[in-house]
Amino acid sequence: MTHILNNPAWHALTSGNRSLAHGSGPVRYFWSDVSPFAGLEENSVEQFDELARLVPFDSPLAIVLPIATTLPAPWSIIQRIAVWQMVYIAPLHKLPSATSVVQLGSADVPEMLKLTKLTNPGPFEHNTFQFGHYEGIYEGDRLIAMAGQRMHPQPYAEISAVCTHPDFLGRGLASQLLVRQIHRIKAAGEIPFLHVKSENSRAITVYRNLGFEKRKEVVIYIIQKISPTT
């Protein structure tokens, strides 16, 4: 049986994130202001054709594949990003006591967009917060650290958008928020996982120290429909 995390977007869009899903049958996707990810049941030529027919916007999409591949027309590959999937396997760390951590919602979106634009933890759009469970730490009116959840291919839940303002690095803020996310996911009876760029050795070390283990290296393809020439 193929592992759920070999095709996490498809399983997320048809289970834990189905309330945010668009599409039908073997082709699903998030709206572009939530997340660029799309999921295909089999990643076949026919399903890529159907994705091109169904998606009503022209902005880039992201597809997670377990191996490097070529894509059929009308799709063009903009970028290939090698990432490690890491799964939490350790006993729970003690939950840190931090009264400064706050729940983040629609009112915090401007600050969330500022922080993610500055730190680039991955795609973050105006309505990404709808995935839920975002928490952050403020210094005055400025959001300086945050973390939340994104893809939810049950029984797994992805921790995402983990970032800290460069002026506040070295204080353990991201680790504190990560541990809180781990506790939330485990309390729901699910398994925390995350994606990290393969070359990001510093982050991989942090995640290992917190109890994550490398599961598999996968490729995220950023793709876009090619407009027909006339």
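The preceding data block contains the structure.
Definitions and limits used
- Every residue gets a number counted from 1 within its own chain, in the order that chain's sequence is written.
- Reporting in this predicted model follows two pLDDT cut-offs: at least 70 for local features of residues, and 80 or more for side-chain atom pairs to be given and counted; totals over whole chains, interfaces and linings ignore these cut-offs and use all residues.
- Neither water nor hydrogens contribute to the side-chain values; these are computed over all heavy atoms in the structure.
- Helix and strand labels come from DSSP, where a helix needs a run of H or I of at least four residues and a strand needs a run of E of at least two; each type is numbered from the N terminus.
- Only protein chains enter the accessibility calculation, which uses a 1.4 Å probe; a residue is then buried when its area is under 20% of its type maximum, exposed when over 50%, and partly exposed in between.
- Only Phe, Tyr and Trp rings take part, Trp by its six-membered ring, and two of them pair if their centres are within 6.5 Å. Stacked means planes under 30 degrees apart, edge-to-face means over 60, and tilted covers everything else.

1. Digging into unusual backbone geometry
Working step 1: In the segment running from Ala73 into Pro74, the intervening peptide bond is cis, with an omega of 10°.
Working step 2: Positionally, Pro74 belongs in the loop between β4 (61-65) and β5 (75-88).
Working step 3: The omega torsion of the bond from Gln154 to Pro155 falls at 10°, within 30 degrees of zero and hence cis.
Working step 4: Unusually for a residue other than glycine, Asn120 sits at a positive phi of about 55°.
Working step 5: Its identity is not glycine, yet His133 carries a phi of approximately 65°, on the positive side.
Working step 6: One can find His133 in the loop between α3 (109-119) and β7 (135-139).
Working step 7: Relative accessible area serves as the criterion here: at 36%, His133 is assigned to the partly exposed category.

2. So, the packing of aromatic side chains
Working step 1: In total, this model carries eight aromatic pairs according to the counting rule given.
Working step 2: Geometrically, the ring pair formed by Tyr88 and Phe212 is edge-to-face, given 5.3 Å between the ring centres and 70° between the ring planes. On the criterion of sequence distance, the pair formed by Tyr88 in strand β5 and Phe212 in strand β11 (residues 212-225) is long-range, its members being 124 residues apart. Of the two residues, Tyr88 and Phe212, neither departs from the other in class, the shared state being buried.
Working step 3: Relative to Phe212, the ring of Tyr207 lies with its centre 6.1 Å away and its plane at 65°, an arrangement referred to as edge-to-face. Here Tyr207 and Phe212 have matching classes, each one buried.
Working step 4: Following the ring pairs from residue to residue traces out a cluster consisting of Tyr29, Trp31 and Phe57.

Honestly, that's just the spatial picture; any functional story needs more than this.
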